Amino acid sequence: MKDIVSLCKRRGFIFAASEIYGGINGFWDYGPLGVELKNNLRDRWWKDMVITPPIGPDGSPVEIVGVDSAIIQNPKAWVASGHVGGFSDPMMDDRETKLRYRADHIKYFVLETVDGSYFTVEGKKVRAFAFMQDTPPEEIERRLKKFKVDKKYISSDGKLPELVFSSGDGIPLEEIIGPDASKPGTLTEPKAFNLMFQTYVGAMQSEDSIAYLRPETAQGIFLNYKNVLDSSRVRVPFGIAQIGKAFRNEVNPRNFIFRSREFEQMELEWFCHPSEAKIWRDFWFAERQRFWKSVGLSSANLQIRDHDSDELSHYAKAGLGTADIEYRFPFTAPGFGELEGIAHRCDFDLTQHQEHSGAKLEYMDPNDNTNRFIPHVIEPAAGLSRGVLALICEAYTVDEKRPSGLYLNFHPSMAPKKAAILPLTAKDEHVPLAQKLYLDIREDFAVDLDIKQNIGKRYARQDEIGTPYCFTIDNDTVNDQTVTVRERNTMAQERIHMDKVKSFLHEKIRRSSV
Ligand code: ATP
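Numbering of residues starts from 1 in each chain and follows the order in which that chain's sequence is written. Only residues with pLDDT of at least 70 are given local features in this predicted model, and only at 80 or more are side-chain atom pairs given and counted; all residues enter the totals for whole chains, interfaces and linings. Note that water and hydrogens are dropped before the side-chain values are worked out from all heavy atoms of the structure.

A. Quick peek at the nonpolar core. Residues grouped as a nonpolar core are buried Ala, Val, Leu, Ile, Met, Phe, Trp, Tyr and Cys residues, joined through side-chain atoms within 4.5 Å. Exposed residues in this analysis have more than 50% of their type's maximum accessible area, buried residues have under 20%, and partly exposed residues fall in between, with area computed by a 1.4 Å probe over protein chains only. In terms of nonpolar packing, the biggest core is built from 56 residues, with W284 and W292 touching the most fellow members. The element contributing the most residues to this core is helix α11 (residues 384-395), with eight residues. Domain limits in this description derive from either an automatic procedure or a database domain assignment. When residues of this core are sorted by domain, at least three fall in each of domain 1 (32-87 + 197-394) and domain 3 (409-513). A419, A434, F471 and F504 belong to the second largest nonpolar core, which has 19 residues in total. Numbering of helices and strands starts at the N terminus; helices are DSSP runs of H or I of at least 4 residues and strands are runs of E of at least 2.

In C-alpha cells:
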C-alpha cells in the first residue's frame, strides 16, 4: 500500500488535502491523472445506469433517470431518514493515547490458559489485547513480542492460533490493553458518536439554523421521488440515480482514500412493487458484479458477502437483507473490504418522509387507480472514491524487467490517458509530425504529447500512469508515414500507418470494453 500511495503522489493521481499546511486528516485531493480516472469511472457508471441502462428480466431495457440534488437539505429530512437520531457509530476512547476507535472495528486477542494463570503488565492482570480489525498478522505478532507474551498463548511455531480472537464480550475493560496503549484498562465504554457534519444556514448561528452536509446521496433521491414521478414518464419499476459528494465525520479515517471524511458515492434507488423485491435484488446483484468486472476488477479479487443479522439496519431486518460487493484491497488481504452495498430498504425511506413531511408519496398504478402502494426500494450504493482505489490497486503491477519496475494495468477504458504520442527525438522533422497526429487523436481520446527526455524514460512514465498505447514518430515516419505502436502490458511493438492510429485505438478500446 505504501508503494501505491507514493506512486499516486509522484505521478499526480492523489494528494493529501492542504498538504503544504501539513494536511487534514480524512481529506484528499485528486491530481491531473486522478481526476481523469475518477471521471472515467463516474461516466461509465452514469452511462450504464442512465444513458444505456441494462436489459431487465423481461428482455427490455429498465428505466432509470438521474438527479443532482443539493448537498444541504432541510434538516428535517435527516430526522426523518433516521440520521439525526441514529447515524452514529459506537466509539471507544483511549484515555492514555487519546485515540478513538470504532468499537465494531476492534477485535481481541484473548490470552487463555488451561492452568488458570494469567498474564500481567505493570502488575495488572491482562486478559486480552485489542487490535483494529485490519491489523496485519505480522504487526500483531510484533506487538505481542514487544509485550513478551508467553509462548503458551502462541502456538509452538510462534504463529498466532486462529481461534483466540473474540468479540471481547464478557472481558472487563480493566483487563484489556487498547490497540495503541502500553497498559490495560485505558479504553472507555463505547459511546455513540454522530457522523454528520453540522453547519449553520444564514447569518444567525443558533439551534434553529443548524443544517447538515449530506452523509449519503440516497436521501436527495427520495426527496425528489415525487417530483420525478410528476415531471417525467417513468412508472414503477424504475430507478433514480445520483452521483455526488457525501460527508461523514469518520472517527478513524484510514487506508488512504478507502475511509475518508469527504468522498463520492454513486447510488441507485430502484423503486418496485413489494412483491417483486426479490427479483430485482437478484437482478442488481448480478448487474453490479458485472459492472465491476467490466471496468477491470478481477473475479478473484471480488466477492459478495451477506450481512450478518447484527450488522443489519432496522429496515433491512424486515426485508431481504443487505449484501456487500467486496474487493480484496492490499490492506484487507487476504480478506476483503466493502466496495458497494446492495440493500433492500423496503418502504422505509418513503414512509418516513411521508409521515414527517405530510406529502403523499404513495404510488398509484396508472392502469388500476385502486392499486396504491409505497414502492419498495433496492439500493445499489457504491463508493466512487473506493472504486478508484480498487482500480489503482488492481492495476498496480510490479515488473522488474522494465525500467520503471512497474506499470499500471488499467482497463483501457478506465486509463486516464489512452495513448501517448512520442517523437523519437526533439528533431525538427519528428516534432511537427507528432503534433499533427496529436491534434488529430485528441479529438476522440485523452492523449499525451510528450517531447522531452530519452524515449526509455518516456515509456517508463507512460507505464507508470497506465497508458495502454504509445505511438513513436521516427525517421521512418518521415519517409513512409508509419509509426511504432508499443503496447503497455507486453511491450510488443508493431508499425502502422499514421492514418490508421485513430481507428486502431477505437478498435482496441472498443474490443476491450465489456
Ligand atoms: P462502512 O461500513 O465501510 O462504514 P457503510 O456500510 O456505512 O460503509 P454505505 O452507507 O453503505 O457504507 O455507503 C455506500 C458506499 O459508500 C460504501 O460501499 C463505500 O464504498 C462508500 N463509503 C462509505 N463510507 C465511506 C468513507 N468514509 N470513505 C469512502 N467511501 C465510503
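B. Highlighting the pattern of salt bridges. Salt bridges, as used here, are contacts in which a Lys or Arg side-chain nitrogen is within 4 Å of a carboxyl oxygen on Asp or Glu. Overall, the coordinates contain 33 salt bridges when judged by the stated rule. Between E19 and K9 there is a salt bridge, with the nearest N and O atoms lying 3.0 Å from each other. Of this pair, E19 sits in the loop between β1 (14-16) and β2 (28-30) while K9 sits in helix α1 (residues 2-10); the two residues are ten residues apart in sequence, bridging distant segments of the chain. Overall, the relative accessible area of 37% leaves E19 in the partly exposed class. The exposure class of K9 is partly exposed, given its relative accessible area of 45%. Between R259 and E250 there is a salt bridge whose closest N-O contact spans 3.4 Å. Each member of the pair R259 and E250 is classed as buried. Linked by salt bridges that have partners in common, D89, R102, D104, E250 and R259 make up one network.

C. Local environment of the domain arrangement of the chain. Annotation of the chain at the domain level lists domain 1 (32-87 + 197-394), domain 2 (89-192) and domain 3 (409-513). Summarising the inter-unit geometry, the C-alpha centres of domain 1 and domain 2 are found 36 Å apart. Taken together, the contact pairs eight residues of domain 1 with eight residues of domain 2. Buried area, as used here, totals the accessible surface that two parts lose on assembly, with accessibility defined by a 1.4 Å probe and the loss added over both. Here domain 1 and domain 2 share an interface that buries about 620 Å² over both sides, 40% of which is from carbon and sulfur atoms. It is V251, N252 and R254 that lose the most area in domain 1 upon contact with domain 2, and together they represent 65% of the buried surface on that side. The interface formed by domain 1 and domain 2 contains two salt bridges. Between R254 and D134 there is a salt bridge, with the nearest N and O atoms lying 3.3 Å from each other. We call two N or O atoms a polar contact when they sit within 3.5 Å, provided that within protein one can donate a hydrogen and the other can accept it, with sequence-adjacent residues counted only if both atoms are side-chain atoms. Connecting domain 1 to domain 2 are four residue pairs in polar contact (both at pLDDT 80 or more). Here, two residues are considered to be in contact whenever any of their heavy atoms come within 4.5 Å of each other.

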